[in-house]
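Here is what each chain is made of, one letter per residue.
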Amino acid sequence: MARDKKTLVVGVIGSDCHAVGLRILDHAFEQAGFNVVNIGVLSPQEDFINAAIETNAAAICVSSLYGQGELDVQGMRDKMNEAGLDDVLLYIGGNVVVGKQDFDEVKKRFYDMGFNQCYPPGTSPETTIKDLKHDLNITD
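Residues numbered from 1 in each chain as written. Predicted model: local features only at pLDDT ≥ 70, side-chain atom pairs only at ≥ 80, totals over all residues. Heavy atoms only, no water.

- The name given to the chain in an unreviewed UniProt entry is Glutamate mutase sigma subunit, with Ezakiella coagulans as the source organism.
- UniProt annotates the chain under Function (unreviewed entry) with the comment "Catalyzes the carbon skeleton rearrangement of L-glutamate to L-threo-3-methylaspartate ((2S,3S)-3-methylaspartate)." (UniProt positions renumbered as here; feature names shortened; annotations may be inferred.)

Some points on the pattern of salt bridges
In step 1: Applying the stated criterion across every chain yields a total of 4 salt bridges.
In step 2: Here D87 ties to R3 by a salt bridge, and the two come within 3.0 Å at their closest N and O atoms. Of this pair, D87 sits in the loop between α4 (76-82) and β4 (89-94) while R3 sits in the segment before β1 (4-12), placing them 84 residues apart in sequence.
In step 3: With a relative accessible area of 46%, D87 lands in the partly exposed category.
In step 4: The partly exposed category is assigned to R3, whose relative accessible area is 22%.
In step 5: As a salt-bridge pair, K79 and E46 come within 3.1 Å of each other at their nearest N and O atoms. Of this pair, K79 sits in helix α4 while E46 is found in helix α2 (residues 45-55), placing the two residues 33 residues apart along the sequence. (Salt bridge = Lys/Arg side-chain N within 4 Å of Asp/Glu carboxyl O. Helix = DSSP H or I, 4+ residues; strand = E, 2+ residues; numbered from the N terminus. Buried < 20%, exposed > 50% of the residue type's maximum accessible area, 1.4 Å probe, protein only.)

What about the pairing of strand β3 (residues 57-64)?
In step 1: Where burial is concerned, most of β3 is hidden: 8 out of the 8 residues are buried.
In step 2: Pairing of β1 with β3, which is carried by 6 bridges, proceeds in the parallel orientation. When the sheet's bridge partners are listed, D4 is paired in β3 with A57.
In step 3: Looking at chain direction, β3 and β4 are connected through 6 bridges and run parallel. Following the sheet pairing, I60 is matched in β4 by L90. (Pairing = 2+ DSSP bridges.)

Brief notes about the side chain of N56
In step 1: Here N56 lies in the loop between α2 and β3.
In step 2: Given a relative accessible area of 15%, N56 falls into the buried group.
In step 3: Engagement of the side chain of N56 in a polar contact is seen with the backbone oxygen of A2, the distance being 2.8 Å. (Polar contact = N/O pair within 3.5 Å; in protein donor to acceptor, adjacent residues only side chain to side chain.)

Below, the structure written as structure tokens:
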């Protein structure tokens, strides 16, 4: 069954409760024409995966601002593959690591974990929307 390429699952992973940025992303994605399934804050990996299964989502967008994102997403792509979501895009953005680190190195670590995109703090929603539309082959 083909995925609904306009459906995205968004949420804040782990013990992170930063809701404002998530609301901004939710609104921006909806304005761009996506169907947004917002699972909220303090969300474990399984909530993202279950929501993607239930809604036939084409992408999961993980937000993390408290610096522990790298730890919170360990093994997430493997769990997605086991659940039959190997064709679902996996994006992450925010303050995903502790301390100042070279972001090219950070991005490589996330790509090595199976993420399709990794965004630094301050990335505009428009950048993510552009990438989603490109990666999902959506033409306006």
